[in-house]
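As a plain string of letters, each chain reads:
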Amino acid sequence: MQIARIAICFFALIALGGIALVISHPYLPKMTARSYAERDYQRLVSEGKTEVYVASPELIERIVKDKPFAAKITTVHLSGPNGGTMDFASLRDLPNLSTLEVTYGHQIETLLPTINTMGALRDVRFYYCGVPEIILQSTDNVSLTSLAIHSYQPLTDADQLVRETMDRLPNCTIKLTND
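Computed from a prediction, not measured in an experiment: that's the story for all the values here.

Undergrad: How do you make sense of the overall build of the chain when you look at a structure like this?
TA: Of the regular secondary structure elements, the chain holds seven helices and six strands. Reading the chain from its N terminus to its C terminus gives the helix and strand order α-α-β-α-α-β-β-α-β-α-β-α-β. The long-range fraction of contacts in the chain, counting pairs at least 24 apart against all pairs at least 6 apart in sequence, stands at 54%. Of the accessible surface of the chain, which amounts to about 10400 Å², a share of 60% is contributed by carbon and sulfur atoms.

In structure tokens:
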């Protein structure tokens, strides 16, 4: 009888541990990302950086919380952002952000509405970010002076798309390149 009680308690503890893992699983990656963001933020502040390299929105969110430091940021390099699972809307809260570079972006069309509302932004560069046509058709920030898109595949109707984009953005130079 004593062994049965011990076995039942053992299995109950395992079941409770499993339930706890299932319940906490969605929160663990977010907590880990915030921990990494805090570490990276502390490093950036100690180095006095004005140019930051970011792979997750949590770092931008942390920088934005520090208004004096956020005002110093002029250039952001987004590396591998996935617009389907990441929200970079906090980029809007970097008041002096003038240059944004996006490399290996996925579902970039979800980032374009944020880019279109950033008044201080002047230079945007996309490297290997999905379909260049979507970028050209959806970019509508009149404060841009430079838009560069680098992609492996050349566009078939590039001239027409560039003309349409330049009609919307008359002060912007557009550069399309490929390998």
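Undergrad: Teacher, can you tell me more about a nonpolar patch on the surface here?
TA: A contiguous nonpolar surface patch, about 440 Å² in accessible area, is contributed by L13, L16, I19 and I23. Inspection of the secondary structure puts I23 in helix 1 (residues 2–24). For I23, a relative accessible area of 55% gives the class exposed.

Undergrad: What am I meant to see in a negative patch on the surface here?
TA: Residues D157, D159, E164 and D167 make up a contiguous surface patch of negative charge. Topologically, D157 is positioned in the loop between strand 5 (146–150) and helix 7 (158–168). What makes D157 partly exposed here is its relative accessible area of 36%.

Undergrad: In this structure, what is going on with the nonpolar core? I would like to understand it.
TA: Across soluble globular proteins, nonpolar side chains have a tendency to be buried as a group. By size, the foremost hydrophobic cluster in this structure holds 41 residues, and its most contacted members are I63, V76, L78, L91, L94 and F126. Tallying contributions element by element places helix 3 (residues 57–65) first for this core, with four residues. If near-sequence neighbours (up to four positions away) are discounted, L94 is found in contact with I60, I63, V64, A70, I73 and V76.

Undergrad: Sorry, what's going on with the sheet that holds strand 6 (residues 173–177) here?
TA: Where strands meet in a sheet, backbone hydrogen bonds hold them as pairs that are either parallel or antiparallel. Read across the sheet, six strands follow the order 1-2-3-4-5-6 without closing on themselves; strand pairing throughout is parallel. Two strands close off the open sheet at either side, each with one partner strand: strand 1 (51–54) and strand 6. Taking the axes of each pair of neighbouring strands and ignoring which way they run, one obtains an average angle of 10 degrees across the sheet. Direction of pairing for strand 5 relative to strand 6: parallel, over a ladder of five bridges. Its bridge partner being in strand 6, S146 is matched across the sheet by T173. Of the strands in this sheet, strand 5 and strand 6 touch helix 7, which is tilted by about 155 degrees from strand 6.

Undergrad: In this structure, what is going on with the side chain of T139? I would like to understand it.
TA: Tracing the backbone shows T139 in the loop between helix 6 (132–138) and strand 5. Separated by 2.6 Å, the side chain of T139 and the backbone oxygen of I135 make a polar contact.

Undergrad: What is the right way to read unusual backbone geometry from this model?
TA: Most of the time, phi is negative for any residue but glycine, and the peptide bond is trans. Of note in the backbone geometry, Y104 takes a positive phi value of approximately 55 degrees without being a glycine. By the element assignment, Y104 lies in the loop between strand 3 (99–103) and helix 5 (112–116). Positive phi outside glycine occurs at Q107, with the angle close to 50 degrees. By the secondary structure assignment, Q107 is in the loop between strand 3 and helix 5. For Q107, a relative accessible area of 44% translates into the label partly exposed.

Undergrad: Which parts of the structure should I look at to understand the side chain of T75?
TA: Within the secondary structure layout, T75 lies in strand 2 (residues 75–79). Judged by relative accessible area, which is 13%, T75 ranks as buried. Excluding anything up to four places from it in sequence, T75 contacts T50, E51, V52, L97 and T99.

Undergrad: Can you help me understand helix 7 in this one?
TA: Residues spaced three or four apart along an α-helix face the same direction, because each turn holds 3.6 residues. Within the span of helix 7, buried status applies to A158, L161, V162 and T165. Along helix 7, the residues classed as buried sweep out an arc of 100 degrees about the axis, all on the same side. Facing away from the buried side of helix 7 by over 90 degrees, the exposed positions are D159 and D167.

Cut-off values and rules
- Residues numbered from 1 in each chain as written.
- Predicted model: local features only at pLDDT ≥ 70, side-chain atom pairs only at ≥ 80, totals over all residues.
- Heavy atoms only, no water.
- Helix = DSSP H or I, 4+ residues; strand = E, 2+ residues; numbered from the N terminus.
- Contact = heavy atoms within 4.5 Å.
- Areas by Shrake-Rupley, 256 points an atom, 1.4 Å probe, with all protein chains shown as cover.
- Patch = residues over 30% accessible without salt bridge, like charges linked within 9 Å, V, L, I, M, F, W, Y side chains within 5 Å.
- Salt bridge = Lys/Arg side-chain N within 4 Å of Asp/Glu carboxyl O.
- Buried < 20%, exposed > 50% of the residue type's maximum accessible area, 1.4 Å probe, protein only.
- Lys, Arg positive; Asp, Glu negative; His and termini not counted.
- Charge placed at Lys NZ, Arg CZ, Asp CG, Glu CD.
- Core = buried A, V, L, I, M, F, W, Y, C linked by side-chain atoms within 4.5 Å.
- Pairing = 2+ DSSP bridges.
- Axes fitted to C-alpha atoms, helices over the stretch in contact; angles between N-to-C directions.
- Polar contact = N/O pair within 3.5 Å; in protein donor to acceptor, adjacent residues only side chain to side chain.
- Arc of directions from axis to C-beta.

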